[in-house]
Amino acid sequence: MTALRLESDIPRLKSLIAAERARGKPIGFVPTMGGLHQGHCSLIEASRADGCFTVASVFVNPAQFGPNEDFDVYPRDPDGDFAKCEAAGADLVWYPDTLDLYPVAAQTVVTPGPLSKMLCGRSRPKFFGGICTVVLKFFHLVAPDRAYFGEKDFQQLTIIRRMVADFLMDVEVLGCPTMREPDGLAMSSRNARLADKDRDLALTLARTLNTAREAYAAGERDGILLADQLKRAWPERLDLDYLEFREPHHLALSERLQDDTRLFLGAWLDGVRLIDNAPLTGEM
Ligand code: PAF
C-alpha cells in the first residue's frame, strides 16, 4: 500500500480528490500537526476501515499558538510522519504551505463562541479560533465526507462539531477513542518533549481520571465535592490549569455527576502542555 506525498499544490490536491469522488469513493480526512503517534494512526485506520479515500494533512498551524507557546519547538518530523501515515493506510498525505493557507492579505477568521472560552480556551485565548479557521479552510479544500478527530481533544471535537452545524457544512465529524501508552498516559505529540524524570508526574492526569471513575463507581455523585478532593491531592510541581466535570454535549459544568459526565484536565509540566479527559463510566 503506497501513499502519495503532496507538498502544497492545492490545485493538484483538489483534482486528485475530485477524481476519487468521481469514482464513487467517500473522502475521509485526518488533519494533524505531525509528530504522529498511534492516536493519529488510529484515525487514519478508522477512515480506511470506513472505505474512504483517506487524506491526512500535516501542518503545524501557527494561528492556534499564542506568542509565548510552543510553536517553535512543536515536534516536526515530516518524513517519519509520512511513513506512519502510509503504514496506517493513508492514500494521500498533504503538507500545506503556510502562505497558501494564510495569504498575506488574509483578514477573515472564524470566531468560535462560548465553547471556546472555557477549559483550554481560558488560558489559550487564540487557540480555538486558530483551530476553527484552519479546519474550515481544510474542509473547504478537501471537502471530506467524513473527518476524524481524537477524543483526547474533546473540547476541540465539540467546537468543530458546533462549527460544522453552525455553518451548515456537509461533513460528518467522527470522534475516536483516546489512545494510551501501556502505563495510561494519553498519547500526544508533545509527550516527546517530556523529560524522563517528569514521566511519572505526567501520569497524574490518567491517575486522577481513574480515581474519579473509582469514586463514581463507589457512589459519589457530588461533582463540586469530588473536584475539590481531587484538586487537594494534585501535586504542586504539576501546574494545574483546570480540573472540571462537564457534560459531554455542551460542556456545561456538572454539579451532579452522571454516567456520561467527563472529567477534563489541563496542566503544564516544565513548559509541556498536558491535557486528558474521560467519561466516568465506559471506555477511557
Ligand atoms: O488536533 C490537531 O492536531 C490540530 O488542532 C488540528 C485539528 C490539526 C488543527 O490544526
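On a predicted model such as this, the values are computed, not experimentally measured, just so you know.

With that settled, the discussion passes to the overall build of the protein. Looking only at helices and strands, the protein features 10 helices and nine strands. In terms of C-alpha radius of gyration, the protein reaches 19 Å, essentially the compact-globule figure of 19 Å for 284 residues. For the protein, long-range pairs separated by at least 24 residues make up 73% of all intrachain contacts whose partners lie at least 6 apart in sequence. Looking at the protein as shown, the accessible area adds up to about 13300 Å², and 53% of this sits on carbon and sulfur atoms.

Taken together, Pro 31, Thr 32, Met 33, Asn 61, Gln 64, Ile 131, Val 134, Phe 149 and Gln 156 make up the full set of residues adjacent to the ligand. Contacts to the ligand include Gln 64, whose side-chain N or O atom sits 2.7 Å from an oxygen atom. Gln 156 is positioned with one of its side-chain polar atoms (N or O) 2.7 Å from an oxygen atom of the ligand. When the ligand sits alone it has 290 Å² of accessible area, and the protein chains cover 90% of it. Elements with a contribution of two residues or more to the shell around the ligand: strand E2 (27-32) and helix H6 (127-142).

Moving on: the pattern of salt bridges. Here the structure, examined in full by the defined rule, presents 22 salt bridges. Arg 122 serves as the salt-bridge partner of Glu 244, at 2.5 Å between the closest nitrogen and oxygen. Taken together, the residues Glu 244 in strand E7 (residues 239-246) and Arg 122 in helix H5 (residues 120-123) connect sequence positions 122 residues apart. A relative accessible area of 47% means that Arg 122 is categorised as partly exposed. We classify Glu 244 as buried; its relative accessible area is 13%. Among the charged side chains, a network of salt bridges with common partners joins Lys 197, Asp 198, Arg 237 and Asp 270.

So, about the pairing of strand E6 (residues 172-176). Bridge count between strand E5 (residues 146-150) and E6: five bridges; the pairing is parallel. Bridge pairing links Tyr 148 to Leu 174 in E6. Assessed by its sense of winding, the connection that carries the chain from E5 through helix H7 (residues 154-166) to E6 is right-handed.

Take the sheet that holds strand E8 (residues 262-269) next. The three strands are arranged E7-E8-E9 in an open sheet whose pairing can be described as antiparallel. Strands at the two margins of the open sheet, each flanked by one partner only, are E7 and strand E9 (272-279). Taking the axes of each pair of neighbouring strands and ignoring which way they run, one obtains an average angle of 10° across the sheet. With seven bridges connecting them, E7 and E8 associate as antiparallel partners. Each residue of the ladder has a partner; that of Arg 246, found in E8, is Arg 262. Sheet strands in contact with helix H10 (residues 223-232) are E7 and E8, and its direction is about 160° off that of E7.

Counted residue by residue, strand E3 (residues 53-58) has six buried out of six residues, so it is predominantly covered. The sheet contact formed by E2 and E3 spans six bridges and is parallel. Looking at the pairing, Phe 29 lines up with Val 55 of E3. Crossover handedness for the path E2 to helix H2 (residues 38-49) to E3: right-handed. Bridge count for E3 against strand E4 (residues 92-95) is three bridges, and the pairing is parallel. Pairing of Ser 57 across the sheet is with Trp 94, part of E4. Considered for its hand, the β-α-β crossover made up of E3, helix H3 (residues 78-88) and E4 is right-handed.

To continue, consider unusual backbone geometry. Within the chain, Ser 8 stands out as a residue other than glycine whose phi angle is a positive 45°. With relative accessibility at 23%, the residue Ser 8 sits in the partly exposed group. One non-glycine residue with positive phi stands out, namely Ala 143, at about 45°. Position of Ala 143 relative to the elements: it lies in the loop between H6 and E5.

With that settled, consider the packing of aromatic side chains. Under the defined criterion, the tally for this structure stands at 10 aromatic pairs. Measuring from centroid to centroid gives 6.3 Å for Phe 29 and Phe 139, while their planes differ by 75°, and the two rings are edge-to-face. Pair noted here: Phe 29 is in strand E2 and Phe 139 is in helix H6, with a separation of 110 residues, a long-range link. The exposure class of Phe 139 is buried, given its relative accessible area of 5%. Over the face of the ring belonging to Tyr 95 we find Arg 5, whose NZ or CZ atom lies 4.6 Å from the ring centre.

Basis of the calculations
- Residues numbered from 1 in each chain as written.
- Predicted model: local features only at pLDDT ≥ 70, side-chain atom pairs only at ≥ 80, totals over all residues.
- Heavy atoms only, no water.
- Helix = DSSP H or I, 4+ residues; strand = E, 2+ residues; numbered from the N terminus.
- Rg over C-alpha atoms; globule rule 2.2 N^0.38 Å.
- Contact = heavy atoms within 4.5 Å.
- Areas by Shrake-Rupley, 256 points an atom, 1.4 Å probe, with all protein chains shown as cover.
- Near = heavy atom within 4 Å.
- Polar contact = N/O pair within 3.5 Å; in protein donor to acceptor, adjacent residues only side chain to side chain.
- Salt bridge = Lys/Arg side-chain N within 4 Å of Asp/Glu carboxyl O.
- Buried < 20%, exposed > 50% of the residue type's maximum accessible area, 1.4 Å probe, protein only.
- Pairing = 2+ DSSP bridges.
- Right-handed = clockwise from strand over helix to strand, strands pointing away.
- Axes fitted to C-alpha atoms, helices over the stretch in contact; angles between N-to-C directions.
- Phe/Tyr/Trp six-rings, centres within 6.5 Å; stacked < 30°, edge-to-face > 60°.
- Lys NZ or Arg CZ within 6 Å of the ring centre and 35° of its normal.

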